[in-house]
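# Residue-level structure breakdown
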Amino acid sequence: KEQLSIALSKMKSNVGDKDPSHKLRLESEIQNLRSQFQDSSAALKEEMAEKERLRSKCKLANDEVLSLRSQLRDGREEFERIYRDNTDSWAKKKKVPTATLR
């Protein structure tokens, strides 16, 4: 955008008393620069939208990972509790001190 502004101001200052073909070339160049700017702007907007979609997907994936870690931790704790209970129960039946099993 800054380049466009600089080019426009230079071209406007040069248009003064030049021949009509020069003025037409300048207007054509101005229009070309505007078109390039619009194309670049549209491409940038698309790129930013794509990055936002990817950011959103990453956040969802991260949330899923955190959820799975929590489920895994809960499952591990449940397994350890059941294992302890079963070990203690077996030890009582066999009259083995539970401290020797852990």
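Cut-offs and rules
Residues numbered from 1 in each chain as written. Predicted model: local features only at pLDDT ≥ 70, side-chain atom pairs only at ≥ 80, totals over all residues. Heavy atoms only, no water. Salt bridge = Lys/Arg side-chain N within 4 Å of Asp/Glu carboxyl O. Helix = DSSP H or I, 4+ residues; strand = E, 2+ residues; numbered from the N terminus. Buried < 20%, exposed > 50% of the residue type's maximum accessible area, 1.4 Å probe, protein only.

## Some details on the pattern of salt bridges
- Taken as a whole and assessed by the stated rule, the structure comprises six salt bridges.
- Where lysine 51 meets glutamate 47, a salt bridge forms, and the shortest distance between an N and an O atom there is 3.7 Å. Linking lysine 51 with glutamate 47, this pair stays in helix H2 (residues 20–94), spanning four residues, or about one helical turn.
- Looking at lysine 51, the relative accessible area reads 45%, which means it is partly exposed.
- Here glutamate 47 falls in the partly exposed class, since its relative accessible area comes to 44%.
- The salt bridge involving arginine 53 is made with glutamate 50; its shortest N-O contact spans 2.7 Å. Linking arginine 53 with glutamate 50, this pair stays in helix H2, spanning three residues, or about one helical turn.
- A residue is classified by how much of its surface remains accessible, and glutamate 50, at 35% relative accessible area, is partly exposed.

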